[in-house]
Number of protein chains: 2
Amino acid sequence: MAVALGVLLLKLLILLVAAKLAGEAAERLRQPAVLGELLAGVLLGPSVLGLITGVSFTGDAGGGEVVRFVAELGVILLLFEVGLETRLKDMARVGASSFLVALLGIVGSFAAGFGVSFLLGVAGFWSASALFHVFVGATFTATSVGITARVLSDSGRLATAEARIILGAAVLDDVGGLLILAFVTALAAGAVSAGALAFTGLVAILFLAAAVGLGLWIMPRVMDALADLRVRGAVLTGAVAFCLLLAWGAESVHLAAIVGAFAAGLVLAATRQHAALSERVRHVADLFVPFFFVYVGLQVDLRGAGAEAGRIVVAVVALLLAAVAGKLVCAWGVREKGLNRYAVGVGMVPRGEVGLIFALVGLTTMVQGAPLMQPWEYTAILLVVALTTFVTPLWLKAAMRASPEDTAQP
Amino acid sequence: MAVALGVLLLKLLILLVAAKLAGEAAERLRQPAVLGELLAGVLLGPSVLGLITGVSFTGDAGGGEVVRFVAELGVILLLFEVGLETRLKDMARVGASSFLVALLGIVGSFAAGFGVSFLLGVAGFWSASALFHVFVGATFTATSVGITARVLSDSGRLATAEARIILGAAVLDDVGGLLILAFVTALAAGAVSAGALAFTGLVAILFLAAAVGLGLWIMPRVMDALADLRVRGAVLTGAVAFCLLLAWGAESVHLAAIVGAFAAGLVLAATRQHAALSERVRHVADLFVPFFFVYVGLQVDLRGAGAEAGRIVVAVVALLLAAVAGKLVCAWGVREKGLNRYAVGVGMVPRGEVGLIFALVGLTTMVQGAPLMQPWEYTAILLVVALTTFVTPLWLKAAMRASPEDTAQP
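The shown structure was predicted, so the numbers you read here are calculated from the model rather than taken from an experiment. Per chain, residues are indexed from 1 in the order of the written sequence. Whichever chain is written first is A, and whichever ligand is written first is 1; the rest continue in order. It should be noted that, the model being predicted, local features are given only for residues of pLDDT at least 70 and side-chain atom pairs only at 80 or more, the latter also being counted only at that level, while totals for whole chains, interfaces and linings use all residues.

Report on the overall build of chain A, specifying residues and quantitative values.
Helix and strand content of chain A: 16 helices and two strands. Atoms counted for the radius of gyration: C-alpha only. Globule rule: 2.2 Å times the number of residues to the power 0.38. Taking 410 residues into account, the globule formula puts the C-alpha radius of gyration at 22 Å, and chain A, at 21 Å, falls close to it. In terms of principal-axis extent, the alpha carbons of chain A reach across some 70 × 55 × 45 Å. Counting other C-beta atoms within 10 Å of a residue's C-beta gives its exposure: the residue is buried at 20 or more, exposed at 12 or fewer, and partly exposed in between, where C-beta atoms are placed from the backbone. Counting all 410 residues of chain A, 56% fall into the buried class. Two residues qualify as being in contact provided that their C-beta atoms, derived from the backbone, are within 7 Å of each other. Within chain A, counting contacts between residues at least 6 apart in sequence, those at least 24 apart form 79% of the total. Helix numbering and strand numbering both begin at the N terminus, where a helix is a DSSP run of H or I of at least 4 residues and a strand a DSSP run of E of at least 2.

This is the structure:
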């Protein structure tokens, strides 16, 4: 027991110190802190130093489970904090734009991913299977809002209309991604049922509606009651418990935990305790959030790419252009005039865990006895997903500085 | 991945809500909150509801590793927070008392444990092996200061001389426990080396001296530098990183992680950022500390005790009296006049993880082909260790209310 605890403490210590040093270095170079954290992860990870190993989204050894959980808790707390600083009314006001942004982003990135994969297939460069192209397209549909939320929060832009459009679109995007995942999984199994799909989507939407609706009705009273309790830290604990509840609920209906955490924050933003809560959650988040972004960097594993390096580079460049361009078209979904559409488009570019899950399903799907996806194809897709995350912080910061008028078109 | 995260979130949610509800109920009944948390753990654990299983200090399954780590992090943060509220100078002033209290407590509880085990052995009730009696005595030597620290902190008594004597004695006790563990392990293996023992003890003491000495010299400058950084939350993160560093260091020299965390708090109490840090660490601790005490309650597993219930009850009653009386004599070690010696004695009663490690070594030690300790004997010892924790909160609260003059003798 003692030894395992020591190893864990050391791993977390290394990750925390590396994150903050790299974050500070990035800020001194006028770059977003989160870019430093991502690069610190790559540096510590298997491709370079190999200091932190046995840590991945899918497998683990030597405390990997704990490190993964601390990272997941970090991004859950980040979205909870962002939710706490967002007003539901303001989000509803830009709801139409959020919906269009999500829809255009999903359609655009699916079409771009499918199209480029198809062209690569026709050229004999990689698989020519239509199902394979569907998987590639699907992988590129799901926006991972963690990094965008972090950049918006760090640069004090959470209160802008652009931020609200992005956050709303990210939630809707997750519902869309869920439906697409259910669809392609059924497609791979050869039995698509429209009824089952509709049911899955309905459950997710009902969960979100019930969580927010009931939450807005019940939680102001619960928080008032907690404020009267004698036990220490009841308000903060109650708030975090509500966050865990909705995060678990979201996972249970196959949404991302962070969507539940964001909804919990939104609900609690409407309580009397909102200001004090915001500050306390921020302190806890300051500690845990960096783990997530270092962790994302740790996932980058280039060790296996050597033998296929040439092919991988070509595929990554082609697919990255498709993934980015496919999402940027969502900027046209912004209805309000005078907003920085370009920044909205860039904010929707990063893909993350959901995309990785698609790719993993593709890797493990067998079609007529052969795997749908080759390992090197999988590696290329993982790299594209990672790169969409890495390009976002710098680009989004630049996009936000651009004036809305000059850059209304993506 | 998604499922595992959901299960973890649900487990932590249940533990957190149960802890706070039980803590609040205890406070309404004018009992310490921590007693409610312990009982909530027993209720959720394998003996009663069995809601949370696969969670133990030694083994795990289904997220057990994560729950255990969160609990350990809780007690580490608790002692860090207590350290932050303690001044090294004030501790040094009662250093002689701390030393005598630790020494008398170790000698008294070893003698009482050995003696009662010997009498039970002579009566043919259980093992008559001298080595077995040594293990029982050794198990009772190591004070686990977590619960006492929590009661002192919750009742606002951390600034008293009694609290400082207890905290100092607990640190010295841990060094003593380390030496005794090394001694009995060597004894069981049949090869005691005085040189190796002295070396082990020296390393631990040098670590503590170096950590505090170097820390007091370096950390004020480090914290000032961190306060000037641009990256978010640098001061809190730096402080927690220092805490993790010393906790890991303490584990590495075979001390308890909480001793390192306490030392880190002591060092940072002398920095300029001390007040802001204290408040922020308290918010984080509010969230994590309850997990530890629910977790301690979860360890109580009475399922295997049924067949030997009669024998176990007799042994537990006899040993519990020995364990308590053996520690209470440490009250005579308090040199200062006018202090509440009784409360110091009660504060040193709880045993914990270190005792459990002794018992585990005993259970797995083979002497001439037979196990040194039978499973039912092990269960009895575990129960005694648990009960010393359970009796402390109420008793300590009562002892602190007693006036020093009436109760100078234990």
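Picking up after the structure, the text goes on.
So what's going on with helix H16 (residues 375-401) of chain B? Residues and values would help.
To estimate the expected span of a helix, count its residues, drop one, and scale the result by 1.5 Å. Across its 27 residues, H16(B) extends 40 Å between first and last C-alpha, which sits within 8% of the 39 Å expected from 1.5 Å per residue. Here the bend at a residue means the angle between the axes of two seven-residue stretches, the one that ends at it and the one that starts at it. If you look at H16(B), its biggest bend is around 40°, right at B:Thr392, and the proline B:Pro393 turns up within four residues after that.

Which residues make up helix H5 (residues 95-122) of chain A, and what are the values?
Compared with an ideal rise of 1.5 Å per residue, which puts 28 residues at 40 Å, H5(A) spans 40 Å between its outermost C-alpha atoms and is within 8% of the ideal. Of the residues flanking the end of H5(A), it is A:Gly124, one or two places downstream, whose phi is positive at about 75°.

A description of the relation of the copies chain A and chain B should follow, citing residues and the corresponding values.
Least squares is used to superpose the copies, and the fit set is the C-alpha atoms of residues whose pLDDT is at least 70 in both copies. Taken as rigid bodies, chain A and chain B are interconverted by a rotation of 180° and an axial shift of 0.0 Å, the fit giving an RMSD of 0.0 Å. When the rotation and shift are considered jointly, the pair of chain copies conforms to a two-fold rotation axis. Within chain A, the C-alpha atom positioned nearest to the axis of rotation is that of A:Val66, 2.6 Å from it. A high fraction, 100%, of the interface residues of chain A reappear at the interface in chain B, so the copies pair face to face through one surface.

Can you explain the interface of chain A and chain B? Please cite residues and give values.
With 45 residues of chain A in contact, the opposing surface of chain B contributes 45 residues. Contributing elements (two or more residues each) for the side of chain A that touches chain B: helix H1 (2-28), helix H3 (64-84), helix H10 (234-252) and helix H12 (274-298) of chain A. The greatest single-element share of the side of chain A that touches chain B, amounting to 14 residues, is contributed by H1(A). In terms of residue class, the side of chain A that touches chain B is made up of 27 nonpolar, seven polar and 11 charged. Under this grouping Gly is polar, as are all residues other than the nonpolar Ala, Val, Leu, Ile, Met, Phe, Trp, Tyr, Cys and Pro and the charged Asp, Glu, Lys and Arg.

Quick rundown of the environment of A:Leu319? Include the residues and the values.
All names here are of chain A. Here Leu319 is to be found in helix H13 (residues 309-328). Taking the C-alpha atoms as reference, Leu319 lies 9.0 Å from Val136; in sequence the two are 183 residues apart. Aside from chain neighbours lying at most four places away, what touches Leu319 is Val116, Ala380 and Val384.

Explain the nonpolar core residue by residue, including any values.
Judged by nonpolar contacts, the single largest core of 302 residues is most densely connected at A:Ile76, A:Cys243, A:Ala261, B:Ile76, B:Cys243 and B:Ala261. Ignoring anything within four residues of it in the chain, the contact list for A:Ile76 reads A:Cys243, A:Ala247, A:Ala257, A:Ile258 and A:Ala261. Definition of nonpolar core: a set of buried Ala, Val, Leu, Ile, Met, Phe, Trp, Tyr and Cys residues joined via C-beta atoms within 7 Å.

Account for unusual backbone geometry, naming residues and giving values.
At A:Arg30, a residue that is not glycine, the phi angle is positive and equals roughly 60°. Structurally, the position occupied by A:Arg30 is in the loop between H1 and helix H2 (33-44). Taking the number of C-beta atoms within 10 Å as the measure of exposure, A:Arg30 has 8 and is therefore exposed. Positive phi is not limited to glycine here, since B:His254 has a value of about 70°. As for its position among the elements, B:His254 is in the loop between helix H10 (234-252) and helix H11 (257-268).

Describe in detail the packing of helix H2 (residues 33-44) of chain B against H16(B), supporting the description with residues and values.
Residues and elements named next belong to chain B. Every axis corresponds to a line fitted to the C-alpha atoms, with the helix fit spanning only the stretch in contact, and the corresponding angles, defined between N-to-C directions, vary from 0 to 180 degrees. Interhelical geometry of H2 versus H16 gives an angle of 155° and a closest axis separation of 8 Å. In terms of orientation, H2 lies roughly antiparallel with respect to H16. Handedness of the crossing formed by H2 with H16: left-handed. Two secondary-structure elements touch here, H2 through Val34, Leu35 and Leu38 and H16 through Thr389, Phe390, Pro393 and Leu394. Each angle is binned into one of four classes, with values under 35 degrees roughly parallel, values over 145 roughly antiparallel, values of 65 to 115 roughly perpendicular, and all other values oblique. Two helices crossing with the near one rotated counterclockwise from the far one by less than a right angle form a left-handed crossing, whereas a clockwise rotation gives a right-handed crossing.

So what about the confidence of the model for chain A? Which residues, and what values?
Residue and element names in this part refer to chain A. Averaged over every residue, the pLDDT of chain A is 86; residues scoring 70 or more account for 93%. pLDDT is a residue-level measure of predictor confidence that goes from 0 to 100. A low-confidence stretch, residues 405-410 stays under pLDDT 50, and its non-local contacts, those more than four residues away or across chains, total 10 contacts. Across the interfaces of the predicted complex, the ipTM metric reaches 0.82, alongside a pTM of 0.85.

Describe the packing of helix H9 (residues 194-227) of chain A against H10(A), listing the residues and the values that go with them.
Residue and element names in this part refer to chain A. Their axes nearest at 11 Å, the elements H9 and H10 cross at an angle of 165°. Taken together, H9 and H10 sit at an angle that is classed as roughly antiparallel. In terms of crossing hand, the pair formed by H9 and H10 is right-handed. Mapping the contact onto sequence places Phe207, Ala211, Met219, Val222, Met223, Leu226 and Ala227 in H9 and Ala234, Val235, Gly238, Phe242, Leu246 and Gly249 in H10. The residue inventory of the contact of H9 with H10, partitioned by class, reads 11 nonpolar, two polar and no charged.

Please give an account of the environment of A:Arg280 that cites residues and values.
Mapped onto the fold, A:Arg280 is located in helix H12. C-beta crowding within 10 Å serves as the criterion here: with 22 such atoms nearby, A:Arg280 is assigned to the buried category. In sequence terms A:Arg280 and A:Gly345 are 65 residues apart; their C-alpha atoms lie 32 Å from each other. Excluding its chain neighbours within four sequence positions, the residues that come into contact with A:Arg280 are A:Leu236 and B:His283.

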